[in-house]
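Close look at the chain arrangement
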Amino acid sequence: MASRPRGYGLTAELSNKMNSKYDDHMELEARHWIEDVIGEPIGSGDRNTPLGMKGFHEALKDGRILCRLINVLQPNSVKKINDSKMAFKMMENIGNFLEACERYGVNKVDLFQTVDLYESQNMASVVNGIHALGRMAQKKGFHGPVLGPKEASSNVREFTEEQMKAGQGVIGLQMGTNKGASQAGMSFGKTRHIID
């Protein structure tokens, strides 16, 4: 992991703000889901105790667990999982997982970046990305453990031509109302009264 100086001022404030978004309960849900899907424990200690930011980072840092996870959801998504402890190989695993998630249908904005996990820069984003994968797995019909609510699908509505024309005559409430509208009291353009 790169050696980063601890910031002062704005840098420290931003770091503290990101760290405050980390939710132990969401981490625990994500951890249970991963363990149930891949069929093996991650991290050490009690299953019902959160690992915390540092422990969760250590458990997922090499990317192998995440690659196995996406391979269970969609077989052969990641063809080669690197077992090496070299930094670029671990980051390659994380990158392969993220690419496989995008191909699986997870929105890129819902995922994290490689450095967020590898350098533990934004672990809250990592947990949120795992939750996004869990929602997509439900939407795609994965018949296994669930994580979070099912992601909504489109609800296309069909309107007749008559309904469309009727809607054009309605003034939406966001625009206000035209009841009682008049120009009474308007003084724009009035002539000046000059007294002799």
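Let me sum up the structure you'll find in this document.

Reading the values: the criteria
Residues numbered from 1 in each chain as written. Predicted model: local features only at pLDDT ≥ 70, side-chain atom pairs only at ≥ 80, totals over all residues. Heavy atoms only, no water. Axes fitted to C-alpha atoms, helices over the stretch in contact; angles between N-to-C directions. Helix = DSSP H or I, 4+ residues; strand = E, 2+ residues; numbered from the N terminus. Parallel < 35°, antiparallel > 145°, perpendicular 65-115°, else oblique. Left-handed = near helix turned anticlockwise from the far one by under 90°. Contact = heavy atoms within 4.5 Å. Nonpolar A, V, L, I, M, F, W, Y, C, P; charged D, E, K, R; others polar. Buried < 20%, exposed > 50% of the residue type's maximum accessible area, 1.4 Å probe, protein only. Polar contact = N/O pair within 3.5 Å; in protein donor to acceptor, adjacent residues only side chain to side chain. Core = buried A, V, L, I, M, F, W, Y, C linked by side-chain atoms within 4.5 Å.

Brief notes about the packing of helix 2 (residues 24-38) against helix 7 (residues 123-139)
Contact geometry of helix 2 with helix 7 gives a least axis separation of 10 Å together with a crossing angle of 50 degrees. It follows that helix 2 is oblique to helix 7 by the angle criterion. As helix 2 packs across helix 7, the resulting crossing turns out to be left-handed. For the pair helix 2 and helix 7, the contacting residues are Met26, Glu27, Glu29, Ala30, Trp33 and Ile34 in the first and Val127, Asn128, Ile130, His131, Leu133, Gly134 and Ala137 in the second.

Considerations on the packing of helix 2 against helix 4 (residues 64-73)
Running from amino to carboxyl end, helix 2 crosses helix 4 at an angle of 60 degrees, the nearest separation of the two axes being 9 Å. Comparing their axes, helix 4 and helix 2 come out oblique. Between helix 2 and helix 4 lies a crossing of left-handed hand. Here Trp33, Ile34, Val37 and Ile38 of helix 2 come into contact with helix 4, specifically with Ile65, Arg68, Leu69, Val72 and Leu73. Along the lines of polarity and charge, the residues of the contact of helix 2 with helix 4 split into eight nonpolar, no polar and one charged.

Structural notes on the side chain of Glu35
Relative to the helices and strands, Glu35 resides in helix 2. With a relative accessible area of 6%, Glu35 lands in the buried category. A distance of 3.0 Å separates a polar side-chain atom of Glu35 from the backbone nitrogen of Ile42.

Here we look at the nonpolar core
One finds Trp33, Phe56, Leu60, Ile70, Phe97, Ile130 and Leu133 to be the most contacted residues of the largest nonpolar core, which totals 40 residues. Elements supplying a minimum of two residues to this core: helix 2, helix 3 (52-60), helix 4, helix 5 (87-104), helix 6 (114-118) and helix 7. Sorting elements by how many residues they give to this core places helix 7 first, with nine residues. Contact partners of Leu60, with chain neighbours within four places excluded, come to Ile42, Ile65, Leu66, Leu117, Val126 and Ile130.

So far we have only geometry, and geometry alone does not tell us how the molecule works.
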